[in-house]
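# Observations on chain architecture
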Amino acid sequence: MRILSLYERASRAFKDYPSLSKILVVATVGGGGLVAYSDAKPHNAVNVVESSPTAANKKRVVVLGTGWAGTSFLKNLDSATYDVHVISPRNYFAFTPLLPSVTCGTVEARSVVEPIRNIIRKKDGDYSFWEAECFKIDGKNKKVHCRPVQRQSLEGKEEFIVDYDYLVVAMGARSNTFNTPGVEENCHFLKEVEDAQKIRRNVIDCFEKSCLPNLSEDERKKHLHFVVVGGGPTGVEFSAALHDFISEDLVKLYPTAKDLVKITLLEAGDHILTMFDKRITAFAEEKFQRDGINLKTGSMVVKVTDKDICTKDRGTGEISSIPYGMVVWSTGIGTRPVVTDFMKQIGQSNRRVLATDEWLRVEGCDSIYALGDCATINQRKVMEDISAIFNKADKDQSGTLTTKEFQDALDDICERYPQVELYLKDKQVKNIVDLLKDSKGNDKKETLEMDIEGFKSALSQVDSKVKFLPATAQVAAQQGKYLARCFNEMEERTKNPEGPPRFRGVGRHRFHPFRYRHLGQFAPLGGEQTAAQLPGDWVSIGHSSQWLWYSVYASKQVSWRTRMLVVSDWGRRFIFGRDSSRI
C-alpha cells in the first residue's frame, strides 16, 4: 500500500508540474557527468551554457582541472559566494604521489582516487561538474570552449561554450618528450592513474612472455629488461618499487626469470635526485648499486624504437643501443596544447608555461588565474622598480634615504620582493641597513644616507636570487588554498586591502602575495627505506623515515574513504604480498 501511495503522489506531481519530467531526464542522463539539455538543439550545434536563476546575482567561477591545485581550490572556496562550474576530462582527484605504488600492486588504483562529485557535494552553494575537456580559452570574450569526453554517444553535440567572470586554470601538464623520436609510440608515462594501470599490466605481460617455451635466452632477457628514463623523484621511486615487486613477489612466481631480470635507470645528468640534499643523492646511488639496479648517468636518449632504445654518452658522444621489454619515460613536464594556444593569444609564446604575478593572476588578464604545473610565478624584479621603491621609501622627498626610512620600508620591500630576504641571508647580513652601511664604509647607522645611485649599486645583485617554484603537488595544493582564501575575502579586501604598498602606484595591494612554505620531501628507495629531507636541513634515511612516509601520505589523503583504502592496501601487502594478476 505504501508503494502504491508513493506512486500515486509521484504521478500527481508530474501532472501538476510537467517540468519535473525534464528534470528526471536530465538527472538520469547526466548521472555519468555529461551535459544534458532539456530543449531540442540542432544537430552539431554549439551549445552555450547559461547561468541558473539561483546563481544570477553571483559571479561565475569556472575551474579547469581536478588535480592538486583545482581540488585544493574547490575544497577551500566559499561556494555560497560564487556560482562554481568545474570542467575536467576526468571525474576524480588522484593522489599522484602513490602512482608508483599502483604500478606494482602495492596500492590499488581505486584507493588513490576520489570522485570529484563526492568532494563538491559536501559544499553548500551552486556547484556544477562537467566531464569534458577544454580545447580553447577565449580570454577576450571570457569564454571557454569544451567538448565532452564521451563524444561518440552525444549524437553530434560535440561542443559547448561556458561563460565566466573568473577563470581558474589548473589543468596540470603533460609528459615532456623533448621531441625525441619514438617516445610517444613506444614508451609508458606515469602522470595519470591510467598510466599506472597500463604499466602494471605490461610488467606482468613481460614476465608471462618470458615463460613461453619457444623463446631463446636472449629473447627472454629482452622481455625482462625494464628501462626507466629520468632520475628525478618519479623515476627513482618507480625503479625502487619495481625492484621490490620483482624481488619480493614475482621471482617466487616466475623462478626461471630470477637471473634474467634487469632494471636500467638512465639519467642525462651526472647524478639522480639532484633536487635533494647531496647526502640523499649519494645514498640513493649506492643503494641502487647494491640492489643491482643499473644506473647510467650522462646518458641521453636520442631515439626509441619498438625493439630498442638508443642513447648517447654525454662525455664521449658514443651511441649505443639497448634492447628492452618495457620503457617508462619520466623526464619532466611539458605544456598542454590548449595552454600553449592561450599563451600565444596573450603574448606569452616565448615562455615555457603560463606566467602569473605573485597573486596567481595571469599577466595581462585581470579575471584569469593559473596555478599548479601549468603556470609559474613571474617574480617582479627589484631593479625594474628600483626608482619607485626609492621614492616610496624617501618619505621626506629629500633625495636621500636615512637609516630610519630604510628600516620603515624594509618589511614591505621584503614581502613584495622575496629575493631581497634571500640575498640578505646569503650575504649573512641582518637587513638592508647593514648592507648599505657596508657599501658606504660607515659604522654609524644614525648618519647613514644614500642617494638613488648608491641604492641601485647596493641592490644590483639582489635579483640573482629570484627562484621558480618546483612543479610539485605540495606547491599546487598550497596555491589552491591561497587562491580560495583570496576569493573568499575579495569583497572585504577590495574595501580594506591587507597587502604591501604599491611601489608603482597608490594605496596597497588587496592581498599578501603568495608565499610557498616548503614542508619537506620524500624519496622512497625500496626495501622499506625512504630518504626524507625536512625544513631546517634535517635529513633522515632509513626504515624510520619509511614509517614517517606512511603516516604523512595516509594523513594527506583527500577523504577518510581513500585513507582507509590505502592503509588497508598496505596491510594486505605486508600479509599477502602484492597481487600479480593481469586484469
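An account of the accompanying structure is given in this report. (Residues numbered from 1 in each chain as written. Predicted model: local features only at pLDDT ≥ 70, side-chain atom pairs only at ≥ 80, totals over all residues. Heavy atoms only, no water.)

In this section: the packing of aromatic side chains. For the coordinates displayed, the defined rule picks out 22 aromatic pairs. Here Phe95 and Tyr553 contribute two aromatic rings whose centre-to-centre distance is 5.7 Å and whose plane-to-plane angle is 75 degrees, an arrangement assigned as edge-to-face. Placement of the pair is Phe95 in the loop between strand S4 (92-94) and helix H4 (99-103) and Tyr553 in helix H19 (residues 543-555), with a sequence separation of 458 residues. Residue classification places Tyr553 among the buried residues on the basis of a relative accessible area of 13%. One aromatic cluster is present, formed by Trp68, Phe93, Phe95, Phe522, Trp547, Trp549, Tyr550, Tyr553, Trp570 and Phe574 through successive ring pairs. Stacked on the ring of Phe135, the Lys or Arg Arg147 has its end atom at 4.0 Å from the ring centre. (Phe/Tyr/Trp six-rings, centres within 6.5 Å; stacked < 30°, edge-to-face > 60°. Helix = DSSP H or I, 4+ residues; strand = E, 2+ residues; numbered from the N terminus. Buried < 20%, exposed > 50% of the residue type's maximum accessible area, 1.4 Å probe, protein only. Lys NZ or Arg CZ within 6 Å of the ring centre and 35° of its normal.)

To continue, consider the nonpolar core. Within the largest apolar cluster, 91 residues are counted, with the highest numbers of intra-cluster contacts made by Phe73, Leu74, Val203, Phe207, Leu273, Phe487 and Trp570. Ranked by the residues each element gives to this core, the list is headed by helix H9 (residues 233-253), at nine residues. Not counting residues within four places of it along the chain, the set of residues in contact with Leu74 comprises Val63, Val84, Val86, Ile116, Ile120, Lys123 and Tyr127. (Core = buried A, V, L, I, M, F, W, Y, C linked by side-chain atoms within 4.5 Å. Contact = heavy atoms within 4.5 Å.)

Right, let's get into the pairing of strand S16 (residues 308-313). Bridge analysis of strand S15 (residues 299-304) against S16 gives five bridges, and the strand direction is antiparallel. Counted as the bridge partner of Lys303 is Cys310 from S16. Linking S15 back to S16 in an antiparallel pair, the connection comprises three residues. The sheet contact formed by S16 and strand S17 (residues 319-323) spans five bridges and is antiparallel. Of the residues in S17, the one forming a bridge with Asp308 is Pro323. (Pairing = 2+ DSSP bridges.)

Let us look at the sheet that holds S17. Taking strand neighbours across the sheet as the criterion, the three strands line up as S15-S16-S17 in an open arrangement whose pairing is antiparallel. One side of each edge strand has no neighbouring strand; the edge strands of this open sheet are S15 and S17. Strand-to-strand twist in this sheet, taken as the mean axis angle between neighbours without regard to direction, amounts to 35 degrees. (Axes fitted to C-alpha atoms, helices over the stretch in contact; angles between N-to-C directions.)

We now examine a nonpolar patch on the surface. Side chains of Trp547, Phe574, Ile575 and Phe576 sit close together on the surface and give an oily, nonpolar patch of about 550 Å² of accessible area. Counting residues per element, the nonpolar patch draws most heavily on helix H20 (residues 560-576), at three residues. Tracing the backbone through its elements, the reader meets Phe576 in helix H20. Judged by its relative accessible area of 70%, Phe576 falls in the exposed class. (Patch = residues over 30% accessible without salt bridge, like charges linked within 9 Å, V, L, I, M, F, W, Y side chains within 5 Å. Areas by Shrake-Rupley, 256 points an atom, 1.4 Å probe, with all protein chains shown as cover. Salt bridge = Lys/Arg side-chain N within 4 Å of Asp/Glu carboxyl O.)

Next up on the list: the sheet that holds strand S25 (residues 521-524). Ordered by their spatial adjacency, three strands build an open sheet running S25-S26-S27, and the pairing between neighbours is antiparallel. The strands lining the two open edges of the sheet, one partner per strand, are S25 and strand S27 (538-542). If you compare each strand with its neighbour and ignore which way they point, the axes differ by 10 degrees on average. Summarising the sheet, strand S26 (residues 530-534) and S27 pair through five bridges and their orientation is antiparallel. Looking at the pairing, Ala532 lines up with Ser540 of S27. The sheet contacts of helix H10 (residues 278-291) involve S26 and S27, and relative to S27 the element is tilted by about 15 degrees. Contacts from H19 reach S25, S26 and S27, with the element oriented near 105 degrees to S27.

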